[in-house]
Amino acid sequence: MKPVVNQAMLITYADSLGGNLMRLRAALDTHLPGAFGGLHILPFFRSSGDRGFAVIDYDDVDPAFGDWSDIDALGKDYFLMADFMLNHASIRSREFLDYMARGDDSTYRSMFIDWDEFWPEGEPSDEDMELLYRRKPGGPVKEFTRADGRSVRIWNTFFDEQVDIDPYDPATQAYYERNLSRLAQHVAAIRFDAFAYATKRPGTSCFFVEPDVWEVLEIGLKPLKPYGTVMLPEIHENYRTQMKMSRKGHWVYDFALPMLTLHALFTGRTDHLIHWLEICPRRQFTTLDTHDGIGVVDVAGLLSDEEIDLVSQRVDANTANLKGHGPALPAIHRDGKKVRYQLMTTYYSALGEDDAAFLLARVFQLFVPGIPQLYYVGALFGANDIAALDRVGDPRAANRHDYSEAEIAQAVTRPAVQTLLAALRLRNTFPAFNGHCYVSEQGQGRISVKWDDGACAVLLEADFSDHSFVIKARRRHEPWRQVLVS
């Protein structure tokens, strides 16, 4: 198994690049050689919904994708990341089905959070509901009827096929131990999906509740410690939350970068971006796009409300063809009001499908401190898939196009994609990226980012006004030489 290294990572579903894990490997070997050192394969287990995130069990790879031998073969050449849902399980899982069948006699009865038992008065007050961090109308609850005829209401943060689980319950901890121990034998890193929702206490937001969140994290980490597995907590919220995690030594996501980069490209202003590069965690995985779209809430405080609105409005204008397709864009209930949570679009379409702007964004990401993660649609300069949106109905489907082998082969012939692939290969092999980072403003809209390890250096000079860039490199005591230009 290849350990985590400082090289670019591709994020993809098991079936999005060719149809299964064997074809994914073929696509990497044939069309993307040297571009990625890591792979985050989104849930590849049997699932009942949410495109894999309602995991039925972690015992085996879904046969539609392949088997563990396919995962292990990829793990010899790429450092792998897999998802584990610390907060929820599928309603088709054997644990939940056992509870539905056996009721109070089930071993798993207390693994699932009974809504009525959770609240001291049996029901949340209006004040309790206002405090809750809610992802869907009506609150995080769903009613089920057990085999004995009793109706029970179970905590349900996200989708109908998922139910939340109690991390403090012994049955849940046994579930964690069994599944995380197995996963850690196949992958170098595990992402704790929806981690912050696993902290629930009456009278709070039930999201990243302190100090509970640190206790829950230790519960989740316990099965991984014997294996030395890297853990990445997935938390979409204000960037200060990531800073808290970072100060305790954990890897974190840079979910602020996407909106900051859009703002710089739309306005030609780079001051906010430079400020972020000066203070951002170094032990992080960077993103521009993910399977869920572009996070908005993460950047509050780094951009003003007016600047966030400016970016959102520009993206809405660039993606006007999404209107009338699928449901409305999602919001969360936070602090007693609705807040726009994400922009459901590919990053390429968010930028008006402008090759120069998108290429600059991607190359700039490669020079930001941290390990760059590239979502597969973004790696291929993918536009919104309106047909998939109409077919699936989920607004996120526009950003989840499944590529055939022929489509991959065509995409990589585009000059902008070729330039990105060259930049990725440089990022993966040039030793200066393991050194120190220096960021400076070079005039209106212009940034330089230099990495230097003492023996060699690499420099990006980026212009966010005209969307051009040049990459230079040198060995010690040698002059700069140009290695890549837009």
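A brief look at the structure comes next. Numbers given to residues run from 1 along each chain, matching the order in which its sequence is written. Totals for whole chains, interfaces and linings use all residues, but because this is a predicted model, local features are given only for residues with pLDDT of at least 70 and pairs of side-chain atoms are given and counted only at 80 or more. In computing side-chain values, all of the structure's heavy atoms are included and hydrogens and water are not.

**With respect to the overall build of the chain**
Counting its secondary structure elements, the chain contains 17 helices and 23 strands. Its C-alpha atoms give the chain principal-axis dimensions of about 75 × 50 × 45 Å. Burial classes: relative accessible area under 20% of the type maximum marks a residue as buried, over 50% as exposed, and values in between as partly exposed (1.4 Å probe, protein chains only). Burial analysis of the chain (486 residues in total) assigns 61% to the buried set. By the convention used here, residues are in contact when the closest approach between their heavy atoms is within 4.5 Å. Relative to all contacts within the chain whose residues are 6 or more apart in sequence, the contacts with residues 24 or more apart total 70%. Reported accessibility uses the Shrake-Rupley method at a 1.4 Å probe radius. Residues are deemed covered only where the shown protein chains occlude them. Surface summary for the chain: the accessible area is close to 18,500 Å², and the carbon and sulfur share equals 49%. Between the averaged position of the 51 positive side-chain charges in the chain and that of its 68 negative side-chain charges there is a distance of 5 Å. Secondary structure elements are taken from DSSP: a helix is a run of H or I of four residues or more, a strand is a run of E of two residues or more, and numbering for both begins at the N terminus. Charge counting treats Lys and Arg as positive and Asp and Glu as negative, with His and both chain ends excluded. The location of each charge is read from NZ of Lys, CZ of Arg, CG of Asp or CD of Glu.

**Some words on the sheet that holds strand E23 (residues 481-485)**
Ordered in space as E19-E20-E21-E22-E23, the 5 strands form an open sheet in which the pairing is antiparallel. Of all strands in the sheet, those with a lone pairing partner are strand E19 (436-441) and E23, marking the two edges. The mean angle between the axes of side-by-side strands here comes to 20°, regardless of whether they run parallel or antiparallel. A pair of strands is considered paired only if DSSP assigns at least 2 bridges between the two. When strand E22 (residues 468-475) meets E23, the two strands line up antiparallel, connected through 4 bridges. When the bridges of E23 are listed, Ala-473 appears paired with Arg-481. All axes here are fitted lines through C-alpha atoms, helices being fitted over the stretch that makes contact, and every angle between N-to-C directions spans 0 to 180 degrees.

**Re the environment of Phe-208**
Looking at the element boundaries, Phe-208 is found in the loop between strand E10 (189-193) and helix H7 (212-221). When the C-alpha atoms of Phe-208 and Phe-195 are compared, they prove to be 8.2 Å apart, with 13 residues separating the residues in sequence. The residues contacting Phe-208, other than those within four sequence positions of it, are Ala-196, Thr-199, Val-213, Trp-214, Ile-235, Thr-241, Lys-244 and Met-245.

**Some thoughts on the nonpolar core**
Among the nonpolar cores identified, the biggest contains 150 residues, and Phe-44, Phe-84, Phe-192, Met-259, Phe-364 and Phe-367 are the most heavily contacted of them. In terms of residue count, helix H13 (residues 355-367) provides more of this core than any other element does, 9 residues in total. Ignoring anything within four residues of it in the chain, the contact list for Phe-84 reads Tyr-58, Tyr-175, Tyr-176, Asn-179, Leu-180, Leu-183, Ile-190, Arg-191, Phe-192 and Asp-193. What is meant by a nonpolar core is a set of buried Ala, Val, Leu, Ile, Met, Phe, Trp, Tyr and Cys residues, joined one to another through side-chain atoms within 4.5 Å. Counting 12 residues, the second largest nonpolar core, distinct from the first, contains Met-9, Ala-188, Ala-189 and Ile-371.

**Digging into the side chain of Asp-164**
Within the secondary structure layout, Asp-164 lies in strand E9 (residues 162-164). Classification of Asp-164 by relative accessible area gives buried; the value is 1%. Each polar contact in these results corresponds to two N or O atoms within 3.5 Å; when the atoms are within protein, one needs to be able to donate a hydrogen and the other to accept it, and residues that are neighboring in sequence are counted only if both atoms are side-chain atoms. Among the polar contacts made by the side chain of Asp-164, one reaches the side chain of Thr-157 at a distance of 2.5 Å.

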